[in-house]
Each structure stands twice: as structure tokens, then as C-alpha cells.
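So you can see what is in the structure, the chains are spelled out below.
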There are 2 protein chains.
Amino acid sequence: MHAHVMHLSLPALREACSQCNLRELCLPVGLSANELGQLDALVNQRRRVVRGQHLYRGGDAFEAIYAIKTGFFKTDVLLEDGREQVTGFQMAGEILGLDGIGSEKHTCNAVALEDSEVCVIPFADLENYSREIGALQHHFHKVMSREIVRDHGVMMLLGVMRAEERLAAFLLNLSQRFTARGYSPTEFNLRMTRNEIGSYLGLKLETVSRAFSRFQEDGLITVHQKHIQILDVAGLKKLLSERRA
Amino acid sequence: MHAHVMHLSLPALREACSQCNLRELCLPVGLSANELGQLDALVNQRRRVVRGQHLYRGGDAFEAIYAIKTGFFKTDVLLEDGREQVTGFQMAGEILGLDGIGSEKHTCNAVALEDSEVCVIPFADLENYSREIGALQHHFHKVMSREIVRDHGVMMLLGVMRAEERLAAFLLNLSQRFTARGYSPTEFNLRMTRNEIGSYLGLKLETVSRAFSRFQEDGLITVHQKHIQILDVAGLKKLLSERRA
DNA sequence: TGTCCACGTTGACGCAGATCAAAGCCCGAG
DNA sequence: CTCGGGCTTTGATCTGCGTCAACGTGGACA
């Protein structure tokens, strides 16, 4: 069917950045039409990753960052004793691999949670292009900075929130990101297991499951397996702002 | 005594990057002598921040990043209800303010924990210089990437470690950073309160205090107020690798 | 179409760390 | 030198979430 790595050199490639419907979410935000055309040359390779497969592993040599074209990923870090911390879930238009720049090795694992396709962005090339295209350079810096800010949000989750607050924040965050991609804000399928949600939120899977049940009892959401419908966005938000104890 | 903002335009500034004893830890790592000289022009402003004062606050317009010349800072994020998450402690040679690039506003607070001095690096200038100096561009990317990796480490702390593991990891991390700056790996003064340590580690101050006492009973460290002496580095490391339960 | 198995739910119970409370200590201001 | 307030320590008790256990469920595959 598909080769796992495709080299695309056709001049008018249908899915290059300039034609990509994710270009307003992804790396090329704010570039002129002319600059976008230059990006098409930078991002000229794709890679398919089937569900369960690694895009990269901790320790792999760092050579490129990846823009998700379709699909869904998790990133995680493992402790020697096997404990896992999921550091994030990534969806279309988001960038993977920034962790590898500092040490020239990837420092976490990236695993596809559904069959996915990514655009390969060789990092040396990106640095070269961004020396010429100021808007690209600046936007890349924004992407990295936002990753740092996102991480601070996760620290907040893990450091000070109670279990139900964490799950509410998680659902609202997913909802908002699906919305930005043109999907329903209130109805979606989770791509990850309860265990993975728990690892991300610093909770055990049983606690995640109980919190889902509680939200359902309280009429905030409906849950059927991985299908979630949010019935009361305001109610979820209130959970976050209401401090008890 | 000192103006809070000093403009330095003297040609042979004693403390510019090329003469700075932190240049191997800070932004200029890996630059040639020639390139270093160019940096002196970029980093031409200092700012003193007295203990307890903010370097910036969440919401402030983002204009510059800061390299710590002397002193010690914490960064934190506040929830509406007043809960605080300390996102990091920064010491000489480390960079503050990267959180602001993405939104053009700072997204956390940076507070001096002792009288400090920072080098002001106007961000637009940094981007301009790094278009000319590839090594600067690349090193700046590494700095940002390492911040992301550091944040993943904190998530690991908060997500999967028990209280004593967290404190051991914290002490070992401080020890290693002091070492890199030429200070003793085993003896140092904490600049932050038990409450601030707790906020960073996702623990209450009483738990931090008890863990210190426990380590002392076990002969791993001595504690006198803020003065810490590490007696058994290997013992602390063992706490981290030993999984129980 | 039945079987299997990873995933999910729910209940009972235990414990790490939070909370509440009371003292002690150190340092800076007067 | 004394006083006061912020920080720290320690003890007693409480509780949210983890742990352990049993059962339910739906999708993949033969």
C-alpha cells in the first residue's frame, strides 16, 4: 500500500504546506504566499506511523521535528523502574520532537494512538530557512514557547489540582483543540486509554474511571467507552474555579 | 546607589558577554571570540532586582528575555483561587522569560529570591542577531529545548514520584547545578522557603519539613535552617531508583 | 457466530500525605 | 537587648486517592 517514508518531489504537490488545510494551525502560520512556497521545499517528506508504532524513541538521534498531518500521538518518559509519565497528547497540526534539540537525542517516546501521518522537517534545514524567512523563525520560536507554557499548565494540574479538577481541565482542553480543528467541541472520541489519561494526569486508571462516572451522574457529560459528550461546559469550568477545602 | 535599569554603552564593558565568567553556562556557549564580541552589543543592558521583587509578572508585555548574572529566582503561576505552582528555580547563567514569546505576554511571575542582577536581551534583537550568527540561533534553540526537557522532568516528579523521591531529586538537581557553577556539590544554602519547595514539588510545607528530618535521621544530609549538607549522594540517588510498592 | 482478551467499572479497604494545632527558632527593627 | 513576626518543626488526626479484587463489555479474529 504505502511506503513508510515517501519522498515527494513533484512540483505541484497537492499536500505541500501551501495547499495544506492545517497551515493556519501548524508551523506556517503568518507566512506570506511566497514564503509558504519556500516551505513546500523544506517539508518534502512524509512518514506514516501505524497505531501503536513509535515515531521516535528516547535515545534516538535527533534529526528532524515532525508536524502531524493526520492522526493522534502520545509522548511519554519512562523511569528505570518502569513507571511511565505521559507528557502530552498531540493532534493534527501540532509539532513533535522539540525535546530532542537540546541534546541531539530524543528524550521521550512518541507513539501513534491511531494510524497517523506526519510531515518530516529536517531540523538543520529548518534552521537554515528560518535565517532567511524571519516570520518562520519567529513562528517557530512561538511554537517552542507555547510548548513551555503548555508544560507549565500540566505542572499546575499535577501540582495543585484534585482528581476531578484535573479531568475537567483535560476534557476542556481537548474540547478546545478539537474546536480549533473544526470538530465538535462537545462530542468526540478519546484516542487514549484510561490508563494513559491517568498517567498524563498523575492518577490511577481507577480514579479516572470513577471521575468519569461521577461527571456522568452529575449530568456534566455522557460516557460510552471512548465516546464522550460534554453536556455542561460551564459546569466543567466551574469545577476548575471552585476551590474547596 | 544603583539605578534599577542601567544602560551600558562603554566600549570595553568589563562585564559584557565576552568577559563574563558565565559565558560557558549561558547563552553564548559555543560561539567564537568574534561572535562573542557581537553579543556584547546585543546584551547591553542590566537590571537589578532586589529580593522579593518581581522581574516580570504574568500579563506583562513580553519584550526581552533575561540571563541571570547573579542571584536566584523562582517562577510561578497562580490559579484564580490563589493556589500557586512554582514552575522552577533559576540561578546564575540560566535564562528567564521564554514563556512570553508565544503570546507576546509573560505567562508566569518571576521573583528574585535574593538580590539579583540580570542581563536584558531584547527579543527582537536576539532574533535579528541569530539570523546572522548560526551558532547563536542554534544554541538558543537548545536552550528552549532543554527548558522543555526540564519541564518533562518536573512532570515526572509530580506525576509518579513519592514525597521523599521528589525531595531527593530536587536536592540532587540543585547539587548538580551548583557544581556546574563551581560551588560545592554537597554544601549549600537554599534560597527558597519550605513552602516554595513544597509548591514546586506538589507537596505541603509540613511534608517537605518531615522529609528533610527523615533524611537527616537516615544520615543522608544535615539540615540547619536553609543550610544543607549532603552526606550521602549515593544514598539519595538510591532513593530515586528504588521502586517500592 | 462464538471466544478471547484488553480495557473498563465498581466496591472494599489502606495509607501517604494533607490538615489542624501547638511550640520553637531566628532575625530584623526599634 | 528585647520584641515581634515569619519560618520551621513536630505531633495527632483525617481523607482522597491508591491498591486489591472481582466482574462487565465490546471489538478482533478464527
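As a reminder, the structure under discussion sits directly above these lines.
**Examining the protein's contact with DNA strand D**
In the region of DNA strand D, 17 residues are neighbours, and Ala-163 and Thr-207 of chain A together with Arg-194, Ser-209 and Ser-213 of chain B sit closest. Counting only atoms of DNA strand D within 4 Å of the protein, the sugar-phosphate share comes to 62%. Separating a base nitrogen of DNA strand D from a side-chain N or O atom of Glu-206 of chain A is a distance of 3.2 Å. In the environment of DNA strand D, a base oxygen lies 2.9 Å from a nitrogen or oxygen atom belonging to the side chain of Arg-210 of chain A. Among the secondary structure elements, those contributing two or more residues to the surface near DNA strand D are helix H6 (205-217) of chain A together with helix H6 (205-217) of chain B.

**What to know about the relation of the copies chain B and chain A**
Note on the copies: chain B fits chain A at an RMSD of 0.0 Å, the axial shift is 0.0 Å, and the rotation between them is 180°. Interpreted geometrically, this transformation is the action of a two-fold axis. For chain B, the residue whose C-alpha comes nearest the rotation axis is Arg-131 of chain B, separated from it by 2.3 Å. Comparing interface residues between copies, 100% of those in chain B also sit at the interface in chain A, which points to an isologous, same-surface contact.

**Description of the environment of Ser-18 of chain B**
Residue and element names in this part refer to chain B. Tracing the sequence through the fold places Ser-18 in the loop between strand E1 (5-7) and helix H1 (33-42). Judged by relative accessible area, Ser-18 falls into the partly exposed class, the value being 21%. Placed 191 residues apart in sequence, Ser-18 and Ser-209 show a C-alpha to C-alpha distance of 42 Å. A distance of 2.5 Å separates a polar atom in the side chain of Ser-18 from a polar atom in the side chain of Asp-40.

**Here's the deal with the protein's contact with DNA strand C**
With respect to spatial proximity, 17 residues lie near DNA strand C, and among them Arg-194, Arg-210 and Ser-213 of chain A together with Ala-163 and Thr-207 of chain B are the closest. A share of 64% of the atoms of DNA strand C within 4 Å of the protein falls on sugar and phosphate groups. For DNA strand C, a phosphate oxygen lies 2.8 Å from a polar atom in the side chain of Arg-194 of chain A. Here a base nitrogen of DNA strand C and a side-chain polar atom of Glu-206 of chain B are 3.2 Å apart. Of all the secondary-structure elements, those providing two or more residues to the surface near DNA strand C are H6 of chain A together with H6 of chain B. Looking at which element gives the most residues to the surface near DNA strand C, the answer is H6 of chain A, with five residues. Split into classes, the residues belonging to the surface near DNA strand C amount to three nonpolar, six polar and eight charged.

**Here we look at the interface of chain B and chain A**
Each partner contributes residues to the interface: chain B has 46 residues there, and chain A has 46 residues. Together, the buried faces of chain B and chain A total about 4400 Å²; carbon and sulfur atoms form 60% of this surface. Interface area lost by chain B to chain A is led by Arg-83, Arg-131 and Met-155 of chain B, which between them contribute 16%. There are four salt bridges connecting chain B and chain A. Here Lys-142 of chain B ties to Glu-104 of chain A by a salt bridge, and the two come within 2.8 Å at their closest N and O atoms. Summed over the shared surface of chain B and chain A, the result is 27 residue pairs in polar contact (both at pLDDT 80 or more). At the level of elements, strand E5 (72-78), strand E6 (84-91), helix H2 (123-132), helix H3 (134-160) and helix H7 (233-241) of chain B are the ones that each hand at least two residues to the side of chain B that touches chain A. Here the side of chain B that touches chain A takes 20 residues from H3 of chain B, the largest share from any one element.

**Brief notes about the packing of helix H5 (residues 194-201) of chain B against H6 of chain B**
All names here are of chain B. Two numbers describe how H5 lies on H6: the axes approach to 8 Å, and their chain directions differ by 100°. As far as their axial angle goes, H6 and H5 are roughly perpendicular. Facing Arg-194, Asn-195, Ile-197 and Gly-198 of H5, the residues of H6 in contact are Leu-205, Val-208 and Phe-212. Grouping the constituent residues of the contact of H5 with H6 by class yields four nonpolar, two polar and one charged.

**Structural notes on the packing of H2 of chain B against H3 of chain B**
Residue and element names in this part refer to chain B. Between H2 and H3, the shortest axis-to-axis distance is 5 Å and the interhelical angle comes to 125°. Compared by their axis directions, H2 and H3 come out oblique. Mapping the contact onto sequence places Phe-123, Leu-126, Tyr-129, Ser-130 and Glu-132 in H2 and Gly-134, Leu-136, Gln-137 and Phe-140 in H3.

**Digging into the side chain of Arg-166 of chain B**
Residues and elements named next belong to chain B. Position of Arg-166 among the secondary structure elements: in helix H4 (residues 163-180). There is no salt bridge for the buried Arg-166, and the closest opposite charge comes from Glu-165, which lies 6.9 Å off by N-O distance. A polar contact of 3.3 Å, which involves the side chain of Arg-166, links it to the backbone oxygen of Leu-157. Each residue touching Arg-166, except ones within four places of it in the same chain, is listed here: Leu-157, Leu-158, Met-161, Leu-201, Gly-202 and Leu-203.

**A few points about the pattern of salt bridges**
Under the defined criterion, the tally for this structure stands at 28 salt bridges over all chains. Lys-74 of chain B serves as the salt-bridge partner of Asp-76 of chain B, at 3.8 Å between the closest nitrogen and oxygen. This pair shows no difference in class: Asp-76 of chain B is buried, exactly as Lys-74 of chain B is. For Asp-151 of chain B, the salt bridge is made with Arg-150 of chain B, and the minimal N-O distance between the two is 3.0 Å. Taking relative accessible area as the criterion, Arg-150 of chain B reaches 27% and is therefore assigned partly exposed. A cluster of three or more residues bridged by salt bridges with shared partners is formed by Lys-74, Asp-76, Glu-84 and Glu-196 of chain A.

**What to know about the packing of aromatic side chains**
For the structure on display, the rule yields 16 aromatic pairs over all chains. Every member of this aromatic cluster is reached through a ring pair, and the members are Phe-62, Phe-123 and Phe-140 of chain A.

**A closer look at unusual backbone geometry**
Residues and elements named next belong to chain A. A positive phi angle, close to 60°, is found at Glu-104, a residue other than glycine. Its location among the elements puts Glu-104 in the loop between strand E7 (95-96) and strand E8 (109-112). When its relative accessible area of 43% is taken as the criterion, Glu-104 is described as partly exposed.

Conventions used here
- Residues numbered from 1 in each chain as written.
- Chains lettered and ligands numbered in written order.
- Predicted model: local features only at pLDDT ≥ 70, side-chain atom pairs only at ≥ 80, totals over all residues.
- Heavy atoms only, no water.
- Near = heavy atom within 4 Å.
- Polar contact = N/O pair within 3.5 Å; in protein donor to acceptor, adjacent residues only side chain to side chain.
- Helix = DSSP H or I, 4+ residues; strand = E, 2+ residues; numbered from the N terminus.
- Least-squares fit on C-alpha atoms with pLDDT ≥ 70 in both.
- Contact = heavy atoms within 4.5 Å.
- Buried < 20%, exposed > 50% of the residue type's maximum accessible area, 1.4 Å probe, protein only.
- Nonpolar A, V, L, I, M, F, W, Y, C, P; charged D, E, K, R; others polar.
- Buried area = accessible area lost by both parts, 1.4 Å probe.
- Salt bridge = Lys/Arg side-chain N within 4 Å of Asp/Glu carboxyl O.
- Axes fitted to C-alpha atoms, helices over the stretch in contact; angles between N-to-C directions.
- Parallel < 35°, antiparallel > 145°, perpendicular 65-115°, else oblique.
- Lys, Arg positive; Asp, Glu negative; His and termini not counted.
- Phe/Tyr/Trp six-rings, centres within 6.5 Å; stacked < 30°, edge-to-face > 60°.

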